[in-house]
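Single-letter residue listing:
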Amino acid sequence: MARHGYTYSAGKLIKHGLTRGDWPRMWRRPEARSSYDVVIVGGGLHGLATAYYLAADHGMTNIAVLDKGYLGGGGSGRNTAIVRSNYLTPEGVAFYDRSLALYNSMTQELNLNVMFSRRGHLTLAHTDSALRTMHWRAEVNKLQGIDSSVIDPQEVKKEAPSLDISADTRYPILGALFHPPGGIVRHDAVVWGYARAADHLGVHMLQETEVLDILCEGGEGPDGKGTGGRVTGVRTNRGDISAPAVVNCTAGWASLISNMAGVPLPITTHPLQAAVTEPCKVFLPTVVVSGSLHVYVSQTDRGELVFGASVDPVGTYRVNGTLEFTEELAGHVLELMPGISKMRLMRQWSGLCDMTPDYSPVMGTTQVDGYFVDVGWGTYGFKAGPVAGETMAETIATGRDADLIAPFTINRFTEGDLVGEKGAAAVGH
Amino acid sequence: MTHNRLPVRPGEVIDRETSLAFTWNGRPHTGLRGDTIASALAADGVEVFARSMKYKRRRGIMTADHWDPNLSVQVGDEPNVRAGSRRLVAGMEVSAQNVWPSLKFDIGAANQLVGRFLSPGFYYKTFMRPKWLWHHLYQTILRRFAPGGRIHWETSTHGAYDKRYAHPDVLVAGGGPAGMGAAIAAAEAGASVMLVEHEPELGGHLRWGDAEDLTALADLLAAVQSHPGIEVLVDSTVTGRYDHNWIAVMQRSHEVAPERLIKARAGSLVVAPGLIERPYVFAGNDTPGVMLSGAVRRLINLWAVKPGSRAVVLSANPEGDAAIADLEAAGVEIVAALDARVGEDIVEVEGRGRVRRAVLGDGRTVAADLVVLGTGWTAPTSLLNMAGDRPVYDPTAARYFPNQLPDNVLATGGITGNGSTVELVAHGSATGTLAANRALRNRHERRSSTARARSPEGPMPESLQDTRVPLARTPHPECYRSSSHGMVDFSEDVSSKDLFQASGEGFDSIELMKRYTTATMGPSQGKLETVNAAAVLAEARSMDMVDIGTTVWRPPFAPISLGALAGRIFEPIRRSALQDWHEAHGASPLLAGQWVRPDHYGDPVGEARNVRENVGIIDVTPLGKLDLRGPDVAKLLELVYVNRWQKLEIGRVRYGTMVAEDGVVSDDGVTGRLGEDHYLMTTTSSGAGAVWEMLEDYLQTYRPEWNVHVTAVTGGLTSINVAGPRCRDLLLRLVEDVDLSPEAFPYFHVRRGRVAGVSGCIIWRIGFTGELSYELHVPSGHALHVWESLIANGEDLGIRPFGVESQRILRLEKGHYIVGQDTDGLTKAPSAGLGGLVKLDKHDTLGLPELRASYARTDLPVLVAIQTDDPEIVPMEADQIVDGDSNRILGRITSSRMSPTLGRSVCLGQVDPSLAAAGSKVTILLVNGHRVSGTVQEHHAHVDPEGVRQNA
Amino acid sequence: MIVVNCPHCGPRNSSDLRPCGEVTSRPDPATASLSEWRTYLYMRENPSGWVTEAWYCRSGCRRYFTIERNTATNETRRSEAS
């Protein structure tokens with residue numbers, strides 16, 4: 001069976017253009033059933049990918065994906081769509097490289113062009129210690145077969161001619177970690193691709209359905225929640241749904257949802273802001289990241305510069321953004337590219353990031369039977385979406401944590417075995 | 001060529017005496033002072049200003065203001081200039097952007113022929129096979145269609161910009177009748193007022209109104225200008241309202257900067273932006289010559305430009321009716337005046353470069369070159385959204401209205417309802433009074449509540465009830481779409497048909513539809529198209545507008561240049577008191593955190609060798625220095641260092657390592673006891689600030705009963721390390737009142753004394769280089785004198801200054817590790833090779849449970865000294881240590897240099913515990929892919945492990 | 001830019017201060033179990049609503065203090081010296 005339903009192609013575009021015929025819906029608005037085998041909380045990239053791989057790889061199709069708003073309205077639609085696999089730790093590299101591979105074949109697998117633009121990814125070094133960390137990452141990357149190397153300022157200039165590589169700037173560019181397979185993806189298309197395919201395989205996507213509680217029994221906490229308990233379903237604004245497995249695929253609300261199952265998380269929620277300029281003729285061919293300057297930038301095929309930074313220092317659930325973000329951003333971007341001061345910022349927005357102490361996610365099984373988490377993604381959620389879905393599906397289907405996510409289970413916080421991405425991650429886009 | 005310029009109009013803003021020459025697409029044109037680029041070109045007969053983004057359709061003036069989606073032009077090196085609002089300046093080189101090869105003939109217009117195949121999201125459905133073509137061809141083609149002007153990124157400076165802070169009691173966004181009324185009333189109530197108007201002059205719609213409007217405007221202007229409490233900012237936009245009424249104002253055409261960002265903390269914000277006229281959706285609604293009623297009224301009344309000769313007008317409101325009168329006065333023939341209130345309609349407009357015919361709702365076709373639409377209004381609720389409001393649609397008035405606002409944000413004017421000028425001013429006035437009263441009450445409360453309260457000025461203002469009589473919501477027909485399909489988003493070339501398709505495909509919420517079709521995502525950011533898009537979606541889903549909602553309007557309200565947001569780029573660098581000397585003596589600069597330091601003076605190896613052989617001096621001022629005083633300092637040290645401190649005698653120095661509460665090594669340094677209750681702590685350069693704040697944290701929140709005072713003295717004391725076998729000889733010439741003999745002043749001791757005549761210097765016998773060395777902490781005002789005295793007195797001893805690079809060589813020879821280089825974000829104490837330093841039997845120290853746990857583990861990596869078996873090979877720092885020929889990582893080189901003392905390469909590295917024993921063989925993978933062997937050494941120190949030299 | 005009311009210096013732009021997160025209670029390291037210690041290190045309430053948090057007045061009095069802030073609205077109330 002095809003995995004994606006109605007096949008899109010140039011031929012279909014011509015056919016529909018000529019006949020003016022309606023295109024089929026990409027997904028339905030189904031009526032909710034009273035019970036499912038798996039209920040996934042959060043209709044973003046992670047939730048939809050998990051549903052898709054459960055259906056496609058494990059034959060589980062009696063699945064509901066619940067979202068309190070619309071599909072992809074959270075972090076999936078607010079990120080800056082950068083993908084890469086040049087992480088610092090071997091476990092990080094292995095994980096994100098699988099994700100990159102899935103992104104690479106996604107357009108064909110899902111029959112929806114997610115416009116993966118493999119344009120190269122530059123992480124600038126402005127200090128010798130940053131350069132050392134770049135070397136460290138490059139060497140670890142190379143050992144795992146990742147195309148990643150340190151290049152000098154002249155080579156940087158070749159990749160991104162608009163960067164100022166003169167030596168007398170406040171933050172001189174001493175070199176960069178260059179990762180040719182990195183790039184940007186049309187983030188919404190990824191969400192829609194998974195949603196369309198999941199829908200085709202029978203998954204129910206229930207939009208505007210908010211989870212109010214997770215129903216448990218047998219746990220040591222109140223209402224049978226917490227350690228030793230078992231999940232029985234969820235309570236929503238549209239009624240109760242019973243399910244033996246509930247997956248928390250939320251970002252921004254992960255702590256609140258997890259508390260419903262009595263599973264506390266090592267998370268604080270911070271906004272991550274982004275902004276986009278008015279379009280200009282394309283001049284920036286690569287993704288450019290500067291950790292010291294807390295900024296990353298790429299130019300879309302539409303000509304807009306898309307900017308991001310590090311998370312806001314003050315934790316909050318508010319997403320209305322700050323002025324100082326745009327001020328600092330502009331100052332830092334102009335340090336790198338002084339010639340673009342006349343470009344105008346057109347829109348700013350922010351999303352919520354669940355930050356963990358080691359900048360790595362919390363995934364897999366928990367102390368509550370049937371309650372799974374795929375949370376704490378910080379600023380990396382988009383890059384990891386496909387592999388997170390694939391490994392969470394395996395974990396749910398088999399009941400044991402998939403190998404790739406073993407370093408990321410919640411136990412590491414009780415065992416003191418944190419993951420070492422933090423050093424490289426202050427601004428890790 | 002000024003054939004469209006009308007005789008003098010009563011409210012015109014042009015100066016007919018001053019003509020300004022400029023070029024448009026390379027051709028010379030002339031305008032008048034007061035013209036916008038668009039009005040000058042329109043007066044000169046220009047009709048087509050741009051090509052649309054996707055189909056390259058010809059586009060002309062539609063709204064004749066800042067929001068006009070068809071009037072983005074390139075002016076010199078500035079892209080995306082709004083010709084509808086940018087004032088004409090003599091000499092401007094203006095050109096159409098986004099056209100190829102020219103505005104007249106654009107190859108991309110072929111897209112119009114294949115438009116039926118380019119339905120929304122078409123690119124998601126094709127270009128998928130073959131895969132490589134996507135990367136090499138399709139993407140390149142799509143990029144060609146990127147709209148917008150050209151940025152001259154080759155420019156090497158970012159230009160002159162500036163910022164300003166302001167603290168008005170009341171900030172009024174919008175200088176129309178209501179906003180002016182609010183400003184006057186607020187000022188009368190005693191508030192300081194900032195009145196911000198987007199256009200170059202106050203007045204709002206009164207400016208292009210009739211004689212009565214102009215009279216009312218003159219009165220209001222006089223009142224505003226005569227009130228000293230009102231600061232007026234025109235040609236300025238309130239671009240954002242952030243939490244706690246932090247308001248961004250973009251001031252354009254300021255004398256010192258092309259754009260100036262004003263950041264205002266306003267007591268109250270009065271939102272009075274008026275209304276934005278809304279286009280109408282029908283076939284051909286983007287043809288040049290289709291204009292909104294406000295556009296023709298502005299062209300005629302402000303710039304005396306005749307917008308056409310034969311007009312069809314579709315009006316649904318008094319402003320549309322007024323346009324008819326203005327057109328007639330301008331000599332435009334009205335070929336059809338259609339009243340939308342009685343169901344009259346327009347179905348289609350034909351014409352390519354200009355309107356030629358219009359098909360009306362009753363089936364008639366009339367010849368015309370101008371179609372004027374007065375079909376409705378959009379409430380620009382942007383600032384209200386940013387204040388947390390979710391405006392609600394009112395079908396009777398056919399627009400959105402404010403819903404719930406916080407106390408410090410008030411709305412007035414057209415955004416809240418309709419009224420005569422008198423009614424608008426009255427509502428504004430009542431709003432201004434209320435806004436002022438709330439702001440003054442808050443200010444009063446704040447001043448009386450702070451610990452160091454200034455006396456509040458006068459009595460607390462009385463609390464005022466909100467007794468404003470709301471403005472009426474005049475019924476208005478819901479004119480969104482005719483019976484035909486037309487453009488909804490002009491910037492993005494998205495039609496109503498596209499939106500129907502998107503809804504049918506499942507993108508049936510406003511946010512999903514926006515993302516799929518890109519409607520509202522272009523430069524006008526939804527100001528013209530959001531409500532029409534919502535209306536089309538409601539129609540497609542057969543829902544009520546009320547249930548559709550709208551997309552959230554995000555800041556900024558109008559685009560802001562990056563230059564203005566950045567302002568003057570202020571990235572200070574810290575320089576020691578000696579940095580000028582270093583630079584004058586050939587120092588190569590090294591940026592290290594906030595500091596600039598000498599990396600070397602041209603010969604790092606020679607400088608290092610000189611330290612081993614003679615004497616060298618290095619400026620180590622960035623070293624963090626904290627002066628600690630009080631009876632409980634030892635308890636503090638015991639808490640924050642892993643080792644013991646209770647028994648440190650006066651005059652003694654001890655090395656200490658800090659770990660954080662999670663057991664990870666965080667900082668290190670030496671601390672000396674200068675007196676009974678007086679210690680001096682040193683930290684790493686990069687950790688100085690964090691350690692200071694950490695000490696304060698534990699002192700203030702964890703052990704407030706301890707009596708310790710912490711003072712940061714990093715910059716106040718200039719630190720000079722004097723190192724080398726001959727350094728004592730040198731210091732004997734300069735140090736008074738301290739016995740420098742090894743017996744009286746041994747290693748790891750501290751003294752205070754006079755150096756080169758400077759009293760109050762602190763002299764430590766410590767060093768990072770492994771040589772006999774003294775570290776001098778000199779009051780910074782005298783530092784240069786001491787430094788120069790050292791140089792002068794050391795000439796015969798072979799003194800040379802040395803920089804950071806030499807120090808790195810020397811410390812590595814000696815095996816001293818650097819926190820953050822030889823350790824990382826997960827390095828626990830055992831991995832730093834701290835050995836017996838850590839005391840696990842203390843009652844309380846930072847991270848104690850984690851320290852204990854870490855010492856119980858056998859799997860943690862270990863810091864070791866490594867030497868390559870081939871002495872010539874210097875691995876790069878961060879080269880990986882691998883398991884033989886496999887790719888399994890067993891560690892990494894953390895520091896490496898060629899040792900001038902040993903004539904061989906020396907390294908430190910973190911290795912798997914299985915490799916930690918002295919003599920273990922390790923395989924190092926070099927950057928070039930070669931694998932070389934190395935041997936783990938017994939001691940961290942490659943040179944002088946016994947410490948003979950430093951103890952000399 | 002929110003305003004944070006320092007009990008000593010009065011209302012200040014938040015950029016003048018450093019946010020230190022939820023107020024936590026440090027267990028006695030001599031007796032705490034590893035599990036208690038790691039809960040202190042890593043686990044956070046992270047509520048959407050009122051939270052008591054610490055701030056450091058780094059550009060002013062250099063005192064730590066606590067305020068209550070609503071993380072859903074950024075409203076603040078009750079600021080107290082440590």
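Fair warning: this is a prediction, and the values are worked out from it, not measured in the lab. (Residues numbered from 1 in each chain as written. Chains lettered and ligands numbered in written order. Predicted model: local features only at pLDDT ≥ 70, side-chain atom pairs only at ≥ 80, totals over all residues. Heavy atoms only, no water.)

Colleague: For this particular structure, what's the right way to read the overall build of chain A?
Modeller: Along chain A, the regular secondary structure elements total eleven helices and 19 strands. At 22 Å, chain A has a C-alpha radius of gyration in line with the 22 Å of a compact globule built from 429 residues. With the C-alpha coordinates of chain A rotated into their principal frame, the extents come out at 65 × 65 × 40 Å. Residues classed as buried in chain A amount to 68% of the 429 residues present. The long-range share in chain A, meaning contacts at least 24 apart out of those at least 6 apart in sequence, stands at 75%. Roughly 12,400 Å² of accessible area belongs to chain A as shown, and the carbon and sulfur atoms make up 52% of that amount. Distance from the positive charge centre (36 side chains) to the negative charge centre (44 side chains) of chain A: 8 Å. (Helix = DSSP H or I, 4+ residues; strand = E, 2+ residues; numbered from the N terminus. Rg over C-alpha atoms; globule rule 2.2 N^0.38 Å. Buried < 20%, exposed > 50% of the residue type's maximum accessible area, 1.4 Å probe, protein only. Contact = heavy atoms within 4.5 Å. Areas by Shrake-Rupley, 256 points an atom, 1.4 Å probe, with all protein chains shown as cover. Lys, Arg positive; Asp, Glu negative; His and termini not counted. Charge placed at Lys NZ, Arg CZ, Asp CG, Glu CD.)

Colleague: Before we go on, may I ask you to explain the packing of aromatic side chains in this structure?
Modeller: Think of a pair of aromatic rings as described by two things: how far the centres are apart, and how the planes are tilted against each other in angle. Applying the stated criterion across every chain, the model contains 36 aromatic pairs over all chains. Consider the rings of Y103(A) and F382(A), whose centres lie 5.5 Å apart with planes at 40 degrees: the pair is tilted. Of this pair, Y103(A) sits in helix α3 (residues 90-110) while F382(A) is found in helix α9 (residues 381-398), placing the two residues 279 residues apart along the sequence. Side by side, Y103(A) and F382(A) carry an identical accessibility label, which is buried. Relative to Y516(B), the ring of Y124(B) lies with its centre 5.9 Å away and its plane at 15 degrees, an arrangement referred to as stacked. Here Y124(B), found in the loop between α2 (110-113) and α3 (131-144), pairs with Y516(B), found in helix α11 (residues 510-517); they are 392 residues apart in sequence, far enough to count as distant. Here Y124(B) falls in the buried class, since its relative accessible area comes to 1%. Accessibility expressed as a relative area gives 0% for Y516(B), which makes it buried. Cluster of aromatic residues (ring-pair linked, three or more members): W27(A), W192(A), F122(B), Y123(B), Y124(B), F507(B) and Y516(B). Across the ring face of F557(B), the terminal group of K527(B) is positioned such that the distance to the ring centre comes to 4.9 Å. Its end group placed over the ring of Y702(B), R26(C) keeps NZ or CZ at 4.7 Å from the ring centre. (Phe/Tyr/Trp six-rings, centres within 6.5 Å; stacked < 30°, edge-to-face > 60°. Lys NZ or Arg CZ within 6 Å of the ring centre and 35° of its normal.)

Colleague: Sorry, what's going on with the interface of chain C and chain B here?
Modeller: When the parts come together, some accessible area is lost, and that loss is often what is quoted as the size of the interface. Contact with chain C, which involves 31 residues of that partner, is made by 31 residues of chain B. Summed over both partners, the interface of chain C with chain B buries about 2,400 Å², with 49% contributed by carbon and sulfur atoms. Taken as a group, M1(C), R26(C) and Y64(C) account for 25% of the area that chain C buries against chain B, more than any other trio of residues on that side. Between E661(B) and R26(C) there is a salt bridge, with the nearest N and O atoms lying 2.4 Å from each other. Applying the counting rule to chain C against chain B returns 17 residue pairs in polar contact (both at pLDDT 80 or more). Those elements giving two or more residues to the side of chain C that touches chain B turn out to be β2 (10-13) and α1 (34-42) of chain C. Among the elements that make up the side of chain C that touches chain B, the one with the highest residue count is α1(C) (six residues). The residue makeup of the side of chain C that touches chain B, split by class, is 15 nonpolar, seven polar and nine charged. (Buried area = accessible area lost by both parts, 1.4 Å probe. Salt bridge = Lys/Arg side-chain N within 4 Å of Asp/Glu carboxyl O. Polar contact = N/O pair within 3.5 Å; in protein donor to acceptor, adjacent residues only side chain to side chain. Nonpolar A, V, L, I, M, F, W, Y, C, P; charged D, E, K, R; others polar.)

Colleague: What is the right way to read the sheet that holds strand β49 (residues 921-925) of chain B from this model?
Modeller: Adjacent strands of a sheet pair through backbone hydrogen bonds, lying either parallel or antiparallel. Read around the barrel, six strands follow the order β45-β48-β47-β46-β49-β50 (chain B) and close on themselves; strand pairing throughout is antiparallel. Sheet twist, expressed as the average angle between the axes of neighbouring strands with direction ignored, equals 45 degrees. Relative to strand β46 (residues 880-882) of chain B, helix α4 (residues 128-143) of chain A is tilted by about 30 degrees, and along the sheet it contacts β46, β47 (889-899) and β49 of chain B. Here helix α21 (residues 804-814) of chain B sits on the sheet in contact with β47 and β48 (904-911) of chain B, set at roughly 120 degrees to β47(B). (Pairing = 2+ DSSP bridges. Axes fitted to C-alpha atoms, helices over the stretch in contact; angles between N-to-C directions.)

Colleague: I tried to follow the pattern of salt bridges on my own but got confused; where do I start?
Modeller: A pair can form between side chains of opposite charge whenever their charged atoms are brought close. Under the definition given, this model contains 81 salt bridges over all chains. A salt bridge links E139(A) to K142(A); the nearest nitrogen and oxygen atoms lie 3.0 Å apart. Pair noted here: E139(A) and K142(A) are both in helix α4, with a separation of three residues, about one helical turn. A single network of salt bridges, built from pairs that share partners, joins E278(A), R344(A), E78(B), R82(B) and R86(B).

Colleague: What is the right way to look at the confidence of the model for chain A in this model?
Modeller: Any region with low pLDDT has predicted coordinates that should not be read closely. In the predicted model, chain A carries a mean pLDDT of 92, and 97% of its residues have values of at least 70. Low pLDDT, under 50, characterises residues 423-429 of chain A; the predicted model gives this stretch 23 contacts beyond four residues in sequence or across chains. (pLDDT = per-residue confidence, 0-100.)

Colleague: Even after reading the chapter, I still don't get helix α10 (residues 496-504) of chain B, so can you show me in this structure?
Modeller: Working note: α-helix, 3.6 residues per turn, so residues spaced by three or four point in the same direction. Those residues of α10(B) not exposed but buried are S496(B), D498(B), L499(B), Q501(B), A502(B) and S503(B). Structurally, α10(B) contributes buried residues whose contacts are with β28 (487-489), β29 (494-495), α11 and α12 (530-541) of chain B.

Colleague: Got a minute to help me understand the sheet that holds strand β18 (residues 310-315) of chain B in this structure?
Modeller: All names here are of chain B. Spatially, β17-β23-β18-β19 is the arrangement adopted by the four strands of the open sheet, whose pairing is parallel. The open sheet has two edge strands with one neighbour each: β17 (290-292) and β19 (333-339). When strand polarity is set aside, the average angle formed by the axes of neighbouring strands in this sheet is 20 degrees. By the bridge criterion, five bridges tie β18 to strand β23 (residues 370-374) in an arrangement that is parallel. Of the residues in β23, the one forming a bridge with V312 is V371. Helix α6 (residues 293-303) contacts β17 and β23 of the sheet and is inclined by roughly 85 degrees relative to β17.

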